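Results of the structural survey
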Amino acid sequence: MMDEGTELSLSIAHIVQRLKGSHLHSQIERQAKDCLHRPEIKLESLKEDVRSFLKTSGRLSQLPPSHPTAPLEHLKEPLAYMRKAQASWEKRILKSLNSMSTELGVPLARKRPGAEQKELINKWNEMGTDEPGLQTLPRVFGPCSHLPVLISLRNPNHDSCEDVSARSHWGLIQVPLNIRDIPQLRQAYTELNLSSGQLGIDDLAHVHPGIYRKQKDSLVVEQDSAAAQQYSRRGCPTGLRAALWALILNSTNQLQDMMHYEQLRAGVIQHNLLVDNLIYKDVKLTASNDDYYFVFEDFLYQVLLCFSRDTAVLEHFKYNSATPPKSYLHEKIHSAGIFIYSGVIPFHGFSMYVAPLCFLYNEPSKLYSVFREMYIRYFFRLHSISSSFSGIVSLCLQFERLLQTHLPQLFYHLRQIGAQPLRIAFKWMVRAFSGYLSTDQLLLLWDRILGYDSLEVVAELSDLSFSLTIAPQAVLADLSTLKVIPLIQIFLFATAI
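As recorded in an unreviewed UniProt entry, the protein chain goes by TBC1 domain family, member 19 and comes from Poecilia latipinna.

In structure tokens:
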């Protein structure tokens, strides 16, 4: 049984998550900013004032009905077998971290000595020159270890014999989830139809950009996040992408945001976490070896190390099927026992969520703010086990179903020779194609993720990579030549149903 405060907090988190990106959300946000300047509004009593108003006005009864007897984890993820799989996965990761800590004699968290703090301050902008014995650190997990967990998922209440098509058994993902087919995707992604202009395509065809200029300028001036999100569905202009994304994500870079970043930076300097070594290793193995992103190595360290100290990230666990890892510390630096303040354990490729954003934001505090919002809205779903339609399980299932439907011969052939398509495409999806597409094409893809508030386009693009040619291995070896938006348009609107 949850107490009143926990239930209200959970309800608020779900309501805010549903409102984000809507016109109502932008209106509420604008009015809230105006209210902050009114003398009768006091921040210290705002929570109690809102609660009192809802009760006295009778509006509390108009909120969506809640289930006070339902445990918190049931509200985050309704399917028991998904919860069980996620919990088992978390125990496995935590056991791996604890074993690593014991074997290497490195505590999960410790306070840095004064000399080490001073050294870190001096080289804060040159952290790429430091390699703290990474050869001895194994990867905690990556796509290769996460996929088998998803493949093993089974709903004990579902009889697979009831599946009407033999193709249902071709794929690796064998769970019954509601996913959209091509007609439903066409209806959901109408702005991508072949007759609609798309930035990133039509500007290359010498269509005069003046038709977009008035609208995009007004979006930035009026600070309308819902309109900006709608606009992003057809692509963001390169010069305004940074401003539009920040507007969609409600990410600001005001004084309090910069102060928060500086507090996180101070936390990095004061304390060392075991996961810091994992961050160093991941950046060295991925972004530092990438032709597009190696120049941003220092930025990546700064952002990711600060991210691991940010307790504000814990808020997303209110609607995430995962739970933050907890363990006993060698030093009492965090009373709750959460040795990673953000609750997020970095994995192989994690730094690639940040790297493309470095092309848009050159101020660390702004870069950090946008990345954090991108993560708690979208990226966390790519490595959490859940039944969400934007979760990695649904994306994998959608990828297989679409490929089975439109290229059954190719799918069957690959399956017969032991090259299941999902084993190839999974690494693309779990990174949202970061590190695989050229940066300009990746940003166009992420425009649509923000515009449609969904990761479904990731599964669609994965299918396209297989459907481009009869001999797909030529394309699969290098995705950097793909033109993303024309391919998605053709797949959705020029494919026979």
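Moving on, there is more to tell.
**Some thoughts on the overall build of the protein chain**
Looking only at helices and strands, the protein chain features 22 helices and two strands. By sequence separation, contacts in the protein chain at least 24 residues apart represent 78% of the contacts at least 6 residues apart. Accessible surface, the protein chain as shown: approximately 23600 Å² in total, 55% of it carbon and sulfur.

**Looking at unusual backbone geometry**
A positive phi angle, close to 55 degrees, is found at N250, a residue other than glycine. Structurally, N250 is set in the loop between α11 (241–248) and α12 (255–270). Relative accessible area serves as the criterion here: at 19%, N250 is assigned to the buried category. A positive phi angle, near 50 degrees, is found at D453, a position not held by glycine.

**Digging into the confidence of the model for the protein chain**
Of all residues in the protein chain, 75% attain a pLDDT of 70 or more, and the chain-wide mean is 82. Mean pLDDT values for the elements of the protein chain range from 52 in helix α21 (residues 473–476) up to 96 in helix α15 (residues 364–377). For the stretch residues 205–211, pLDDT sits under 50, and the model shows one contact to residues farther than four places along the chain or on other chains. Across residues 328–337 the pLDDT falls below 50, and counting only partners more than four positions away or on other chains, this stretch makes 19 contacts in the model.

**Things to note about helix α19 (residues 439–452)**
The end-to-end C-alpha distance of α19 is 20 Å, a good match for the 20 Å that 14 residues give at a rise of 1.5 Å each. Of all the 14 residues making up α19, 13 are buried; the element is thus mostly covered by neighbouring parts of the structure. Within two residues after α19, D453 carries a phi angle of roughly 50 degrees, on the positive side.

**Side note on the environment of S394**
Examined against the element boundaries, S394 turns out to sit in helix α16 (residues 392–406). As for S394 and N178, which are separated by 216 residues in sequence, their C-alpha atoms are 8.0 Å apart. In this view, S394 contacts L177, I179, S387, S388 and F389; residues no more than four positions away in its chain are not counted.

**Focus on the packing of helix α10 (residues 225–232) against α11**
Between α10 and α11, the least distance of the axes is 8 Å, while the angle of their chain directions is 125 degrees. Relative to α11, the element α10 lies oblique. As α10 packs across α11, the resulting crossing turns out to be left-handed. Taken together, the residues of α11 that come into contact with α10 (itself represented by S225, A228, Q229, Y231 and S232) are L244, L247 and I248. Grouping the constituent residues of the contact of α10 with α11 by class yields five nonpolar, three polar and no charged.

Cut-offs used in this document
- Residues numbered from 1 in each chain as written.
- Predicted model: local features only at pLDDT ≥ 70, side-chain atom pairs only at ≥ 80, totals over all residues.
- Heavy atoms only, no water.
- Helix = DSSP H or I, 4+ residues; strand = E, 2+ residues; numbered from the N terminus.
- Contact = heavy atoms within 4.5 Å.
- Areas by Shrake-Rupley, 256 points an atom, 1.4 Å probe, with all protein chains shown as cover.
- Buried < 20%, exposed > 50% of the residue type's maximum accessible area, 1.4 Å probe, protein only.
- pLDDT = per-residue confidence, 0-100.
- Expected span 1.5 Å × (residues − 1).
- Axes fitted to C-alpha atoms, helices over the stretch in contact; angles between N-to-C directions.
- Parallel < 35°, antiparallel > 145°, perpendicular 65-115°, else oblique.
- Left-handed = near helix turned anticlockwise from the far one by under 90°.
- Nonpolar A, V, L, I, M, F, W, Y, C, P; charged D, E, K, R; others polar.

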